[in-house]
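Spelled out from the first residue to the last, the chains are:
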Amino acid sequence: MASDHPLPLLWLLSDARNDALLEQALDNLPPGSGFVFRHYHLGPPARRRRFERLRTQAARSGHCVLLAGQEDWPAAGTYGGQRRRAGGLHIATAHDRAEICAAAQDGADGLFLSPVFPTASHPAAATLGIAGFRALAQESPIPVIALGGMDAEKAQRLDWPRWGAIDGLTPRAPAPHTAGPTD
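What you see is a predicted model, and the numbers here were worked out from it, not measured in a lab.

Draft legend 1. Representation of the packing of aromatic side chains in the model. For the coordinates displayed, the defined rule picks out five aromatic pairs. Ring geometry for Phe51 and Trp73: centres 5.3 Å apart, planes at 40°, overall tilted. A residue pair is termed long-range when its members are at least 10 positions apart, and Phe51 in helix H2 (residues 44-60) and Trp73 in the loop between strand E3 (64-68) and strand E4 (77-79) qualify at 22 residues. Taken individually, Phe51 and Trp73 each receive the classification buried, so the pair is uniform in this respect. Centroid distance Phe133 to Trp160: 5.2 Å. Interplanar angle 90°. Geometry classified as edge-to-face. With Phe133 in helix H4 (residues 129-139) and Trp160 in the loop between helix H5 (152-158) and strand E8 (163-165), the pair connects residues that are 27 residues apart, well separated along the chain. The same class applies to Phe133 as to Trp160, namely buried. Linked through ring pairs, Trp11, Tyr79 and Phe112 together constitute an aromatic cluster.

Dropping the structure here:
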């Protein structure tokens with residue numbers, strides 16, 4: 001690995017749909033987990049404020065924070081199409097063998113391989129499934145993080161040490177109370 005930062009086993013990714021519960025989700029992660037700040041749904045000033053708030057909270061638990069996008073904000077590294085910063089982690093994304101090879105050639109420290117299972121992010125996308133994921137992951141010359149429809153139960157079924165999620169690591173919002181016949 002080209003970075004001084006170890007590659008965590010568990011990763012939480014931000015998204016518009018888990019934004020309201022991210023503070024709680026970060027608190028629930030084991031110390032030293034990974035957090036990918038995406039928040040593509042926010043404009044620049046709001047995105048920066050949200051990043052700073054979540055980065056500060058993540059740092060209290062020793063989480064590794066990666067930044068998606070082109071901004072040059074303080075983070076342990078970069079995610080996706082953004083290029084590596086000196087000394088920082090760079091985690092790529094891949095969906096097939098060609099993208100795994102490209103990530104390795106670009107010097108990525110690891111990659112998110114997805115979608116393993118059906119996912120809310122890409123509901124119509126073909127999935128790798130357990131066998132397809134394992135076949136591709138075992139060929140990868142760099143560490144692979146399972147992504148796509150992942151949660152603790154599916155991670156156990158997959159039997160892969162590194163995994164990440166959006167919804168699968170975010171607490172469920174309480175259902176709104178509606179008055180019923182016993183109220």
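Read on, since the account is not over.
Draft legend 2. Expanded view of the pattern of salt bridges. Counting across every chain of the model gives ten salt bridges. Here Asp15 makes a salt bridge to Arg38, at a shortest N to O gap of 2.9 Å. Here Arg38 lies in the loop between strand E2 (34-37) and H2 and Asp15 lies in the loop between strand E1 (10-13) and helix H1 (22-28), a separation of 23 residues in the sequence. Given the relative accessible area of 12%, Arg38 is considered buried. Asp19 is paired through a salt bridge with Arg50; the nearest N and O atoms lie 2.7 Å apart. One end of the pair, Asp19, is in the loop between E1 and H1; the other, Arg50, is in helix H2, and 31 residues separate them in sequence. A single burial state applies to Asp19 and to Arg50, both of which are buried. Each of Asp15, Arg17, Arg38 and Asp167 takes part in one network of salt bridges that share partners.

About the thresholds
- Residues numbered from 1 in each chain as written.
- Predicted model: local features only at pLDDT ≥ 70, side-chain atom pairs only at ≥ 80, totals over all residues.
- Heavy atoms only, no water.
- Phe/Tyr/Trp six-rings, centres within 6.5 Å; stacked < 30°, edge-to-face > 60°.
- Helix = DSSP H or I, 4+ residues; strand = E, 2+ residues; numbered from the N terminus.
- Buried < 20%, exposed > 50% of the residue type's maximum accessible area, 1.4 Å probe, protein only.
- Salt bridge = Lys/Arg side-chain N within 4 Å of Asp/Glu carboxyl O.

Geometric values such as these leave the question of function open.
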